Every structure is written in C-alpha cells, then in structure tokens.
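What follows is each chain in one-letter form.
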Amino acid sequence: MAAGIREKQTVALKRMLNFNVPPVKNSTGEPVWKVLIYDRFGQDIISPLLSVKELRDMGITLHLLLHSDRDAIPDVPAVYFVMPTEENIDRMCQDLRNQLYESYYLNFISAISRSKLEDIANAAIGANAVAQVAKVFDQYLNFITLEDDMFVLCNQNKELVSYRAINRPDITDTEMETIMDTIVDSLFCFFVTLGAIPIIRCSRGTAAEMVAVKLDKKLRENLRDARNSLFTGDTLGAGQFSFQRPLLVLVDRNIDLATPLHHTWTYQALVHDVLDFHLNRVNLEESAGTESSPAGARPKKKNKKSYDLTASDKFWQKHKGSPFPEVAESVQQELESYRAQEDEVKRLKSIMGIEGEDEGAISMLSDNTAKLTSAVSSLPELLEKKRLIDLHTNVATAVLEHIKTRKLDVYFEYEEKIMSKSTLDKSLLDMISDPDAGTPEDKMRLFLIYYISSAQAPSEVDLEQYKKALMDAGCNLAPLSYIKQWKAFTKMASAPTSYGNTTPKPLGLFSRVMNTGSQFVMEGVKNLVLKQQNLPVTRILDNLMEMKSNPETDDYRYFDPKMLRGSDSSVPRNKNPFQEAIVFVVGGGNYIEYQNLVDYIKGKQGKHVLYGCSELFNATQFIKQLSQLGQK
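What counts as what
Residues numbered from 1 in each chain as written. Predicted model: local features only at pLDDT ≥ 70, side-chain atom pairs only at ≥ 80, totals over all residues. Heavy atoms only, no water. Helix = DSSP H or I, 4+ residues; strand = E, 2+ residues; numbered from the N terminus. Buried < 20%, exposed > 50% of the residue type's maximum accessible area, 1.4 Å probe, protein only. Areas by Shrake-Rupley, 256 points an atom, 1.4 Å probe, with all protein chains shown as cover. Phe/Tyr/Trp six-rings, centres within 6.5 Å; stacked < 30°, edge-to-face > 60°. Lys NZ or Arg CZ within 6 Å of the ring centre and 35° of its normal. Patch = residues over 30% accessible without salt bridge, like charges linked within 9 Å, V, L, I, M, F, W, Y side chains within 5 Å. Salt bridge = Lys/Arg side-chain N within 4 Å of Asp/Glu carboxyl O. Lys, Arg positive; Asp, Glu negative; His and termini not counted. Charge placed at Lys NZ, Arg CZ, Asp CG, Glu CD. Pairing = 2+ DSSP bridges. Axes fitted to C-alpha atoms, helices over the stretch in contact; angles between N-to-C directions. Contact = heavy atoms within 4.5 Å. 1 Å grid on protein atoms, 1.4 Å probe; cavity = no way out; pocket = protein on both sides within 12 Å on 5 of 7 lines; lining within 4 Å. Points joined across faces, edges and corners; volume = space filled by probe spheres on them. Nonpolar A, V, L, I, M, F, W, Y, C, P; charged D, E, K, R; others polar. Expected span 1.5 Å × (residues − 1). pLDDT = per-residue confidence, 0-100. Parallel < 35°, antiparallel > 145°, perpendicular 65-115°, else oblique.

### Focus: the overall build of the protein
Assigned secondary structure in the protein consists of 23 helices and 17 strands. Looking at the protein as a whole, 50% of its 632 residues are labelled buried. As displayed, the protein has an accessible area near 29,800 Å², and 53% of this comes from carbon and sulfur atoms.

Laid out in structure tokens, this is it:
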C-alpha cells in the first residue's frame, strides 16, 4: 500500500482509456482520438479522479452517457465503461446493431456474468460486428476514491446499501444477502485494485460480520482458482513494497451512532455538514446583491456555483482537517500575500511606462527587466492562486454564515461536553427551547447525542418534558423512536461508548484574534481549539492494529483468506502490529471519523490507514434515514 489508492485507481483508469495497454511515457505522437461512453456509475468513478483536460490528453474527444441519444461516428473507436446490468447490455447490443463506431472496447466496472457475455456475443454476430469488438475487460473498479486514503462504495444506488436498508426491521433474508453481496463485490474490486489480500477482523453478530464471511469466501475462491486468480505475480509485484499484508477492520455503524449526528468544527467536515458537498464538488447558492435592484423589482435569482475541491488544490489539502477559525485566518493570510505580489507587478508596470529620456530611468529599466521577466513568468501561478483564494473565500463565507445563524460553535462545544461526560454549563432543556439557537434539526441532533451517550436513559417524566420542548421547537420525533428501540435492543446502556474525556478549550472570542482588515466577521463565534481524542472507530482500529488487548475488541473474529482452511477463531495468528490498515464502516461513514483517523495516524511513524464506507452521509441525510426507520 505504498502507493495511495487514488493513484492506483487513476493508473487503472488511464490504462483502460489507452485500450488496456499501459500508456507510454515518452511517446511524442498524438494520442489516438476516441470516444468514452459511460453510465452514471462510471461517471462517478471517473469524475473525482480525472478532469476533462486529463481526459483530453488521453485522447478522449467526447464523453457521453450510455443512455443518451448518441450519433453514429463510424471512424472512431469507442471505449465503454459501464456496469454489467441488463439495460446497459441491451443498449450496447443496440449500438452494435446500429454500427455506431469503428471499434468497441467494452470495459465492465464489475465482473460480468457468463450469460450476459453470451448476449453480447449473439448481438455482435447478429450485427455482423464481431471483428469490431476489439476487447472485453472486467476492470474491478467498482468503488469511488475520494482522497488518497478514503473511498466510498457507491453513489448511484446508495439507498440499496444505506444504513436504513441494512437496519430495516422487516428486511428479508434474501434482501439482506443482496445488500451484502453488493458491498462484498465492491470491497473485492477494491482489493484487486490495491493488489493485496488483507487479514480481516470484524465484530460478532453484526452486518459487518456477514460482510467479512462473504468477503473471506470470495477472496479464498479467487486464490484457489490458480488459473484465473486476480492476485498473481504481475499485479502483486507492482507497487507492493511492503511484505506485510494490510489489516481490514470491518465495523458496523451501530457501534457509534453519535458521531454521524455530531456537529463538527473542522473545515472539510463542516463543508459536508452544512453545504451541498458531493463527490469532492461543492455547490453553492450565491445570493445576488440586493442593493442594486430598484424598488418593486423581482428579487434576483440565486446563482448556483460549483467548485471542485481536489487533490491539486494545495490550500484544501493543507487545511481540510483544520479547525474552522484557523481556515478563516489562513484564507486571509493567503489573500494578503497575493495582494503583495500583485502590487509588485503593478509597480513594475508603472516603472516600465517611464519614457527613456533621463539617465535614472534607464538604469532602473535594465535593473527591472529581470524583475519583470520573473513577474511575467509567475503570472499563471498568481492567477491560480487567486482562483483558489476566491474559491475558499466563498466556501468559507458560506460555512461561516451557517455557523453564525445556527450557533454551530455552541452546539459543537456542548455536544463535546456531553460525549466526554463533563459538566454542562447550561441545561439541555434551555438549549432546546432557545428560539435563536439552530434549526429544529440541530436540536434533534443534540438531543439524540445526549440520549445515545447517556449511561442510563432519562426517566419517563424527563423524556416527556424533552419531547414537548422538541415538539415546540418544531422537531420531527421519528428518529427518537428508532434510537429508543436501538438502545433497548443493543443493551448498550451497560457499557456506553466512551469518547475520551477532553473538551475543547475556548480561546476567548474571535474579535481579538482576527485583525481588523479581515473579510470574515467572526465576532461572537467561539475560537475553539480541538484536542485529539479517539472516536470509537479509531479506538477499535488502534487496538487491532497495535495488537492491544482490550475487552472491546478481544472477541473480534479473525479471517485470513490465504489460510487453507478457514478457522473460526478470534485468536490472531500474527502477533506483530500492522503497518497498514483499512477501516471499513458497514452502514455509512462521515468526514468526522475520517479526519479523526487521519489525525491519529499522523502520530504513528510509517503507518498508513485508509477509510472506507458503504456510503458517505452528513447528519441531515442520516437523520432522514433514522426518521424513516422510526416511522415504521
């Protein structure tokens, strides 16, 4: 796992776009021009990894959705990248019959079944197009990489594998099997791309255990089938510098329902919580200025803007895990250094405008020519810097508006106190009934966290009082009824999950910290500093990765797909700590846990952790799923 998963998946995609031959580095010739045809799944996999420009460099002139109306381009090869579903296959057969392209390179995101392959073969024969079907490949790329160390299984049909789907009370065995197979198929693709066979650990009696059993079986079968094994020499040799195998920790969302509801304080997690942030792209509604419109005119339509927050965005990479106040300050500093550079260029311009009559100007000229040359060559860099500053100014301002109107800093601090069992300076009832603090949803989140983390559930009398306050605040109580059942069912009350016992330290209000020239008016927002504390998911990983004995994880099952006979033991054979691990949350994950893992692993020299989840949701989406479960 020396190379990040993002790099591996990108390399695999580039090879596919190059007709499944590794691209040659130094070829000077033009690339072969071709069209790329994908379905929504393919689009979601490609879009976080390759920009349109990179696709063009690979020779992709057109990229089209499979089910859109496409014109025939008879002299161009077409690369297909789609899921092997019935309707996709039908559409491909139709393309063959209509003879749309010169040749067809068919790539399936996930392995295609024998019968579907035969359907394509029959269509090709019927259309007399056998010679045109150049290659058919299973790509095993059925997962979406969002960061070097983060991936999510799917985006299109995510309600199929959502927390709600797995935890529905009326779910049938066959439905559960289908969900598990979907998850296992994607995880299998992930390990094929990674080129490693993991050691699997999981908790007992959960959906995670079902995934572990199936994944173990699937990896085992593939290894046994020596002729067609996907884990043979050539794939394993590439980029496999460490001889040690990675650890895969499968955890169930149910071990910690408080974190997905938690208000957060780091940049990336806040963007995901309060804005529309999806597959590394954030969509903002910009409110147009009101002052310019004459009285009685219709209010201006809100502009929608979308920004990509990618790996190449240095500011984002550096600050996505920072507490929000730091981000606001950094944007300001970047802006000032940019202005200084801009002024320098302007100053040089004005000097260059001097008529070359007097002596002084001429000597200045020769001195400044060198400076100007360097200034001109740094222009593209300056423009890029300006673009990033504008982008983050807009995003941070949007986040800040939410923080101020909903008092998110107060919520964050209060929830941290609840989760770390420290004394509360204000009663929960006051928080809920305060009309100025937050939306009904914020209040519901706060109360659910209190309910989940409390050692004993509040008495009926208190509960009624809270319920009334929540109703008065306009909350939907459906999520609570589900959490009540959940809590009774898990009997977790005996051992409430501990979240560490540190609280954030307020550093006084912002107004003193920020300089007056700042464009972020942060008055009254608390400057909270985070202390590193491990969330449950991180703690479980720490125990299993470092081979620590802990009642929480001692009975976790242990699978090793390379062992001849699967043994059902919880005794690990390997006693050494692991260098590399993948944490996968069955039932959905979030950026808070991801950030917590990243912070945890920073302190461990030479170790890597990847975070994956069956879907990525923010608190709003999670509450929605809980209320659907509660309405049953």
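### A short note on the packing of aromatic side chains
All chains considered together, the criterion is met by 23 aromatic pairs. Geometry around phenylalanine 19 places lysine 34 over its ring, the cationic atom sitting 4.9 Å from the centre. When the ring centre of tyrosine 451 is taken as reference, the NZ or CZ atom of lysine 487 above it lies at 5.6 Å.

### Focus: a negative patch on the surface
Taken together, Glu86, Glu87, Asp90 and Asp119 make up a surface patch of like negative charges. Residue position: glutamate 86 is located in helix H4 (residues 86-98).

### Focus: the sheet that holds strand S11 (residues 281-286)
In spatial order, the strands read S10-S11-S12; together these three strands make up an open sheet with antiparallel pairing. Pairing within the sheet leaves two strands with one partner each, and these edge strands are strand S10 (276-278) and strand S12 (303-308). Ignoring strand direction, the axes of neighbouring strands in this sheet form an average angle of 20°. In this fold helix H14 (residues 379-406) packs onto S11 and S12, with an angle of close to 70° to the strand it touches most, S11.

### Remarks on the layout of surface pockets
Reported here for the largest pocket is a volume of approximately 1,200 Å³. If you go around the largest pocket, you meet 46 residues; those closest to its centre are Ser51, Asp308, Thr310, Ala311 and Ser312. Elements represented by at least two residues in the lining of the largest pocket include exactly helix H1 (5-17), helix H2 (40-46), helix H3 (52-57), S11, S12, helix H11 (314-319), helix H12 (324-352) and H14. In terms of residues, the lining of the largest pocket owes the most to one element, H14, which gives nine residues. Class assignment for the residues of the lining of the largest pocket results in 16 nonpolar, 16 polar and 14 charged.

### Structural notes on the environment of leucine 50
Topologically, leucine 50 is positioned in the loop between H2 and H3. Given the relative accessible area of 6%, leucine 50 is considered buried. Expressed as a C-alpha distance, the spacing of leucine 50 and lysine 14, which sit 36 residues apart in the sequence, is 9.0 Å. Apart from residues lying up to four places away in sequence, leucine 50 is in contact with Thr10, Leu13, Lys14, Leu17 and Leu55.

### What to know about the pattern of salt bridges
Scanning the model with the defined rule gives 30 salt bridges in all. The partner of arginine 6 in a salt bridge is aspartate 148, and the shortest N-O contact between them spans 2.9 Å. One end of the pair, arginine 6, is in helix H1; the other, aspartate 148, is in the loop between strand S6 (144-147) and strand S7 (150-152), with 142 residues separating them in the sequence. According to the relative accessible area criterion, aspartate 148 is partly exposed, its value standing at 44%.

### Considerations on helix H17 (residues 440-453)
The first and last C-alpha atoms of H17 sit 20 Å apart over 14 residues, in line with the 20 Å expected at 1.5 Å per residue. Buried within H17 we find Asp442, Lys443, Met444, Arg445, Leu446, Phe447, Leu448, Ile449, Tyr451, Ile452 and Ser453.

### As for helix H21 (residues 536-545)
Burial analysis of H21 places 10 of its 10 residues in the buried class, which makes it a mostly covered element. For H21, the complete set of buried residues consists of Pro536, Val537, Thr538, Arg539, Ile540, Leu541, Asp542, Asn543, Leu544 and Met545. Turning to H21, the residues buried within the fold contact strand S8 (199-202), strand S9 (247-252), strand S16 (580-586), helix H22 (591-602) and strand S17 (608-613).

### A closer look at the confidence of the model for the protein
The predicted model of the protein averages 82 in pLDDT, with 83% of residues at 70 or higher. When pLDDT is averaged over each element of the protein, strand S1 (residues 34-38) comes out on top at 94 and helix H20 (residues 510-513) at the bottom at 39. pLDDT under 50 marks residues 492-496. Its contacts with residues more than four places away, or in other chains, come to six contacts.

### Topic: the sheet that holds strand S3 (residues 73-82)
Sheet architecture is open: five strands sit in the order S2-S1-S3-S4-S5, paired in parallel fashion. Edge positions in the sheet fall to strand S2 (60-65) and strand S5 (133-138), since each of these pairs with one other strand and no more. Neighbouring strand axes in the sheet, compared pairwise and without regard to direction, differ in orientation by 20° on average. By the bridge criterion, four bridges tie S1 to S3 in an arrangement that is parallel.

### A word on the packing of helix H10 (residues 267-274) against H22
The packing of two helices is summarised by the inter-axis angle and the distance between the axes. Their axes nearest at 9 Å, the elements H10 and H22 cross at an angle of 175°. On the basis of their axis angle, the class for H10 and H22 is roughly antiparallel. For the pair H10 and H22, contact is made by Gln268, Ala269 and His272 and by Tyr591, Ile592, Tyr594 and Gln595, respectively.

### Considerations on the pairing of S5
For strand S4 (residues 101-108) and S5, the ladder comprises five bridges, and the chain directions are parallel. If you follow tyrosine 104 over to S5, its bridge partner there is valine 133.

### A short note on the environment of isoleucine 183
With respect to the secondary-structure elements, isoleucine 183 resides in helix H7 (residues 173-194). Each C-alpha atom, one on isoleucine 183 and one on cysteine 154, is 9.1 Å from the other, the two residues being 29 residues apart in sequence. Not counting the four nearest positions on each side in its chain, isoleucine 183 is found in contact with Leu153, Val161, Ile166, Val211, Phe584, Val586 and Ser614.

### Quick word on the packing of H1 against H7
Contact geometry of H1 with H7 gives a least axis separation of 9 Å together with a crossing angle of 85°. Classified by the interaxial angle, the pair formed by H1 and H7 is roughly perpendicular. Contacts between H1 and H7 involve Ile5, Lys8 and Gln9 from the first element and Phe190, Thr193 and Leu194 from the second. Grouping the constituent residues of the contact of H1 with H7 by class yields three nonpolar, two polar and one charged.

### Structural notes on unusual backbone geometry
Although it is not a glycine, tyrosine 140 sits at a positive phi angle of roughly 50°. In this fold, tyrosine 140 is placed in the loop between S5 and S6. Notably, methionine 547 is not glycine yet its phi reads approximately 55°, a positive angle. Topologically, methionine 547 is positioned in the loop between H21 and strand S15 (557-559).

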